[in-house]
Amino acid sequence: MPVFFNFASLRIHNATSMSPKSNTFKKNIYRSEKGKANTDLEGRDLTWSSLRNFFKNKRLRKATGLFFVLASLFMMLAFLSYLFSWKTDDAMLDGRTLNWGLLTDASVDVANFMGRAGAILAHLFIKKWFGIASFLFILVFFISGLRMLSGFRLLPLSKTTGYSLFFLIWVSVFFGYVIVSGDLLILGGIFGYESAVWLNGLLGKAGTALLLMFSMGVFIILVFNPSFRSAGSFFSWLFRGFSPKKESATEDDRWLDETGIETEGDARQDPGDPDLEDASETDEDRPVFHSGDEHDHAGDPDTDEAGTQKPASGEDPEWEIEVATGKFSGNNYQAIGDPFPSDDSDIPDLSHLGEYDPTLDLPHFKLPDLDLLDEKGSGTIQINKQELEDNKNKIIETLKNYDIDIDKIKATVGPTVTLYEIIPAPGIRISKIKNLENDIALSLSALGIRIIAPIPGRGTVGIEVPNRNPEVVSMKSVLASKRFQNSSFDLPIGLGKTIANETFIADLTKMPHLLMAGATGQGKSVGLNAILTSILYTKHPAYVKFILVDPKKVELNIFSKIERHYLAKLPDAEEAIVTETRQVIRTINSLCVEMDNRYDLLKDAQARNVKEYNAKFVARRLNPNHGHRFLPYIILCVDEFADLIMTAGKEIELPIARLAQLARAVGIHLVIATQRPSVNIITGTIKANFPARIAFRVTAKVDSRTILDTGGADQLIGRGDMLLSTGSDLLRLQCAFIDTHEIERITDFIGSQRAYPDAFHLPEYFEDDAVVSESMDPSERDELFGDAARIVVATQQGSTSLIQRKLKLGYNRAGRIIDQLEAAGIVGPFEGSKAREVKIKDEVSLEQILRQEG
């Protein structure tokens with residue numbers, strides 16, 4: 001190839017033009033030409049370097065890819081034609097030497113559709129070599145050429161090549177083994193036939209069959225890794241069917257391994273193990289078991305009249321559980337007796353119990369009624385034909401001024417925005433229309449013009465124009481819609497209506513987290529209230545809990561009335577609505593502990609997500625005495641995330657990012673709202689874990705890109721107008737409006753009903769860096785300890801910098817004094833950028849403390 005010659009000439013030129021100091025290098029090149037691989041100045045192999053450089057050329061790579069694609073098409077047509085003309089072609093080609101001269105021999109008359117080249121190619125691949133398995137060459141050539149030509153990855157190239165190589169040989173040998181000779185010899189080819197004859201002579205026909213089965217079985221195991229539990233259960237059942245039944249099981253009959261097959265000798269467990277049941281019990285005295293298999297047994301013939309699952313031989317039993325309805329306990333899932341009894345106590349008959357109902361603690365709880373919500377607006381779109389006609393004419397006129405012709409225009413009227421879809425004439429550049437955004441807005445005298453070029457999936461260009469008289473989308477109209485009422489989502493949320501006036505319902509568990517951002521007063525808090533209201537209208541308190549974080553202290557405080565129904569908090573928290581920064585840090589870290597605990601429960605239950613886990617628990621296949629419990633969804637709602645980042649920084653960002661990464665599978669979801677969409681608030685770590693984002697109106701295009709990674713939010717009209725991004729799609733919605741007095745009516749209705757004894761308690765969280773206050777010897781205190789304490793109490797500011805300035809001390813000494821003040825109980829713990837809390841409010845109390853400790 002010319003490329004190799006160029007590299008060779010370059011190597012010789014470099015070697016001959018070097019100074020006398022480079023004689024060593026000349027000798028190395030000479031020796032490499034004698035017996036080693038040719039290398040360049042950096043020691044790389046020139047041949048492989050040439051190949052790499054050849055394929056780095058995009059044009060050559062595309063040309064090679066085109067060759068492979070067309071070659072695969074040629075082979076496909078040749079092979080298919082050979083299946084119908086193989087007798088004629090073989091009669092012409094058999095006995096001839098297959099060489100390049102045969103291609104130009106006009107006396108060779110073949111019937112193949114692709115001529116002599118196709119006939120020779122098909123004759124070689126199909127008859128001489130691998131039979132019909134040769135079609136796999138076409139697949140490998142096609143995906144290789146397609147990848148080099150366009151970069152499109154139809155199938156993994158390495159895996160496809162490996163699988164094709166295996167089947168190429170296996171199928172050829174298989175047909176050669178099955179078909180001895182005759183017309184069907186082309187199915188396996190001569191290679192397959194000769195291979196099968198050689199294997200039959202080596203292993204015999206039975207051995208060859210076993211070898212083929214073994215090779216296929218190994219391939220299936222390596223690729224699919226199938227489970228053979230069903231086969232083991234079948235043989236276990238088969239062998240048990242021939243064993244004689246006993247009226248009363250003896251002690252030796254009780255010891256079963258995990259597969260249900262009896263074990264003997266040392267494999268048996270110690271009969272004295274307290275975790276095992278008493279062997280003296282008869283089958284009639286035993287409690288009824290549920291099958292430990294993960295499949296649903298509803299409608300199984302092995303169930304009794306009450307619907308209780310009977311014990312299946314060879315399966316792990318789980319214990320029946322009774323619902324304690326006689327008293328209010330906060331968790332009515334209780335076991336009757338020890339699940340592994342060690343005495344002869346009577347076990348009650350639990351066959352009358354059905355599935356566990358988590359709502360039995362609040363059996364008479366009623367979901368809010370739609371009458372609690374107000375009807376706003378007419379509920380229907382009022383179409384102003386004159387407005388539509390005027391806007392259409394202005395759009396056409398503006399485009400014509402810039403020599404842009406359109407073939408068709410269509411209008412879709414929404415509650416606040418009308419979408420005009422235009423189909424440009426052939427040859428019109430879409431970017432040219434996109435650049436006229438401001439000119440169209442000027443001609444229409446409208447604010448918030450947004451051009452979508454093109455609309456995904458439609459092949460049109462969209463121009464969104466705000467309506468002169470926008471309609472209000474009420475929360476009642478969204479919740480009363482058939483789409484919401486008939487929704488089967490786990491956590492349905494009604495966000496509002498689309499441009500086509502269709503109710504938009506989303507599933508929070510599929511999002512699985514939601515980030516909301518926008519300027520002040522554009523609808524973030526209303527959107528957050530709409531999300532909470534949607535869930536309150538669909539879910540019983542047993543199924544969902546909220547953690548409400550409100551640094552502004554006034555937005556979410558209205559939900560405090562439903563604390564004992566729906567809210568979750570720390571055990572020592574006085575209020576369920578979290579407002580203080582230090583308390584927010586503790587709550588979010590406690591939620592991380594809850595997440596870890598849930599993952600441990602899912603691991604023990606062999607469930608992949610909280611939905612599978614709860615299904616097992618409801619079916620009474622998990623023992624609560626082993627720590628298992630029903631897991632409600634937990635939704636963390638943060639109303640103003642920017643304030644938390646500014647005051648706590650990494651202490652908030654890191655646990656939030658950890659929850660966003662891992663908490664979805666265990667039923668914990670995040671809804672975070674912020675009015676400051678800057679990059680130091682919505683960091684890359686947060687954005688990476690929040691695929692679903694809502695952007696309300698912002699003031700700058702850079703803020704829109706921060707939220708959505710694209711523009712558009714700066715062109716919204718406000719008042720609930722928003723863009724929802726779910727990854728690749730960008731949807732414009734009008735958020736449903738719900739007023740404060742409507743939320744008050746809903747919370748009053750829920751709060752007036754019977755509630756749990758307390759809010760849902762999160763796990764205790766102890767800060768790793770918390771300083772444990774210890775009694776200190778007063779003689780070890782700094783001599784300025786008393787003066788520093790009086791300054792802190794007088795100013796009510798517990799900061800190290802204050803003591804530095806007042807007492808003219810260095811930072812290290814002032815820091816030690818602050819630690820001593822904390823140990824004495826005068827100031828509180830460290831709170832990030834904020835000053836420490838001063839626990840002593842007056843100097844009289846301080847003097848008493850100093851005298852007592854002095």
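Our subject in this report is the structure included herewith. (Residues numbered from 1 in each chain as written. Predicted model: local features only at pLDDT ≥ 70, side-chain atom pairs only at ≥ 80, totals over all residues. Heavy atoms only, no water.)

1. What about the sheet that holds strand β8 (residues 461-466)?
Logical step 1: On the basis of which strands lie adjacent, the open sheet formed by 4 strands has the order β5-β6-β8-β7 and antiparallel pairing. A strand with exactly one partner marks an edge of an open sheet, and here the two such strands are β5 (406-413) and β7 (450-452). Ignoring which end each strand starts from, the neighbouring axes of this sheet average 20° apart.
Logical step 2: Bridging between β5 and strand β6 (residues 417-424) involves 7 bridges; their strand directions are antiparallel. Within the sheet, the bridge partner assigned to alanine 411 lies in β6 and is tyrosine 420.
Logical step 3: Contacting β5, β6 and β8, helix α11 (residues 385-401) crosses the sheet at an angle of about 40° to β6. (Pairing = 2+ DSSP bridges. Helix = DSSP H or I, 4+ residues; strand = E, 2+ residues; numbered from the N terminus. Axes fitted to C-alpha atoms, helices over the stretch in contact; angles between N-to-C directions. Contact = heavy atoms within 4.5 Å.)

2. Let's talk about the side chain of serine 534
Logical step 1: Its place among the elements puts serine 534 in helix α16 (residues 524-536).
Logical step 2: Those residues in contact with serine 534, other than ones at most four positions away along the chain, are Met475, Leu479, Phe484, Pro492, Ile493 and Gly494.

3. Focus on the pairing of strand β15 (residues 668-674)
Logical step 1: Within β15, 7 of the 7 residues are buried, which leaves it mostly tucked inside the rest of the structure.
Logical step 2: Across the two faces of β15 the burial is the same, with Ile668, Leu670, Ile672 and Thr674 and His669, Val671 and Ala673 all buried.
Logical step 3: The pairing of strand β11 (residues 514-517) with β15 spans 4 bridges and is parallel. The residue bridging leucine 515 from the neighbouring strand is isoleucine 672, located in β15.
Logical step 4: Where strand β14 (residues 633-638) and β15 come together, 5 bridges link them in parallel fashion. Its bridge partner lying in β15, valine 638 is registered against isoleucine 672. (Buried < 20%, exposed > 50% of the residue type's maximum accessible area, 1.4 Å probe, protein only.)

4. Digging into the packing of helix α25 (residues 785-795) against helix α27 (residues 811-823)
Logical step 1: Between α25 and α27, the least distance of the axes is 10 Å, while the angle of their chain directions is 75°. When the interaxial angle is binned, α25 and α27 end up roughly perpendicular. Between α25 and α27, the contacting residues are Phe785, Ala788, Ala789 and Val792 on the first element and Ile817, Gln820 and Leu821 on the second.
Logical step 2: Among the residues making up the contact of α25 with α27, the classes are represented as 6 nonpolar, 1 polar and no charged. (Parallel < 35°, antiparallel > 145°, perpendicular 65-115°, else oblique. Nonpolar A, V, L, I, M, F, W, Y, C, P; charged D, E, K, R; others polar.)

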